[in-house]
Amino acid sequence: AKGVPVVQVERPLTTSSPRITVRNYGSALEAMRHLTGCGHRRIADVGPEPSPAHNLKSGLATYVERERFQAYVDAMAEVGAATDGLIRFGEGTG
């Protein structure tokens, strides 16, 4: 309703109201670096398929998946670890 204060949490649908979000990329990268730092190399990524960044309809709401997946890809590349067969996208995984 008009005049009612609104704050969006995590997955904003608009940029016109205040929002609270987490550092998805940085936090996921830190977690992945911890795992690779412990010597792990066969680390899976299981979740919903990230929407393309240019998809304006769902772009704001799904940046979470894009950022977390990119952190996974980047961390695995940093240590030269293969991701073949370790990525699973699908409905009901998010």
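Right, let's walk through the structure included here.

**Side note on the nonpolar core**
Right, on to step 1. Core analysis: the biggest nonpolar cluster contains 11 residues, these being A28, L29, M32, I43, F69, A71, Y72, A75, M76, A81 and L86.
Right, on to step 2. Those elements giving two or more residues to this core turn out to be α1 (24–37) and α2 (63–78).
Right, on to step 3. Per-element tally for this core: the top contributor is α2, with 5 residues.
Right, on to step 4. Sequence-distant contacts of I43, that is, excluding residues within four places in its chain, are made with M32, L35, T36, Y72, M76 and L86.

**Section: α1**
Right, on to step 1. An ideal rise of 1.5 Å per residue puts 20 Å on 14 residues; α1 measures up with 20 Å between its terminal C-alpha atoms.
Right, on to step 2. Of the positions making up α1, those classed as buried are N24, A28, L29, M32 and T36. All buried residues of α1 lie within an arc of 110 degrees about the axis, which places them on one face of the element. In this structure, α1 carries E30, H34 and G37 as exposed residues pointing more than 90 degrees from its buried face.
Right, on to step 3. Close packing links the buried residues of α1 with α2.
Right, on to step 4. Residue G39 follows α1 closely and has a positive phi angle near 95 degrees.

**A short note on the pattern of salt bridges**
Oppositely charged side chains are able to pair whenever their charged atoms sit close together.
Right, on to step 1. Applying the stated criterion across every chain yields a total of 1 salt bridge.
Right, on to step 2. The closest approach of N and O atoms between R33 and E78, which form a salt bridge, is 2.5 Å. Taken together, the residues R33 in helix α1 and E78 in helix α2 connect sequence positions 45 residues apart.
Right, on to step 3. Looking at R33, the relative accessible area reads 42%, which means it is partly exposed.
Right, on to step 4. Exposure remark for E78: the relative accessible area of 47% places this residue in the partly exposed category.

**Things to note about a nonpolar patch on the surface**
Right, on to step 1. Taken together, the side chains of V7, V9 and I20 present a nonpolar region at the surface, about 290 Å² in accessible area.
Right, on to step 2. Note that V9 resides in strand β1 (residues 8–9).

**Side note on the packing of aromatic side chains**
Right, on to step 1. Counting across every chain of the model gives 2 aromatic pairs.
Right, on to step 2. Ring centres 5.4 Å apart and planes at 65 degrees place the aromatic pair F69 and F89 in the edge-to-face group. Here F69 is found in helix α2, whereas its partner F89 is found in strand β4 (residues 87–89), with 20 residues between them in sequence.
Right, on to step 3. One aromatic cluster is present, formed by F69, Y72 and F89 through successive ring pairs.

Rules of the game
- Residues numbered from 1 in each chain as written.
- Predicted model: local features only at pLDDT ≥ 70, side-chain atom pairs only at ≥ 80, totals over all residues.
- Heavy atoms only, no water.
- Core = buried A, V, L, I, M, F, W, Y, C linked by side-chain atoms within 4.5 Å.
- Buried < 20%, exposed > 50% of the residue type's maximum accessible area, 1.4 Å probe, protein only.
- Helix = DSSP H or I, 4+ residues; strand = E, 2+ residues; numbered from the N terminus.
- Contact = heavy atoms within 4.5 Å.
- Expected span 1.5 Å × (residues − 1).
- Arc of directions from axis to C-beta.
- Salt bridge = Lys/Arg side-chain N within 4 Å of Asp/Glu carboxyl O.
- Patch = residues over 30% accessible without salt bridge, like charges linked within 9 Å, V, L, I, M, F, W, Y side chains within 5 Å.
- Areas by Shrake-Rupley, 256 points an atom, 1.4 Å probe, with all protein chains shown as cover.
- Phe/Tyr/Trp six-rings, centres within 6.5 Å; stacked < 30°, edge-to-face > 60°.

From the geometry alone we can't say anything about function, so treat these as descriptive.
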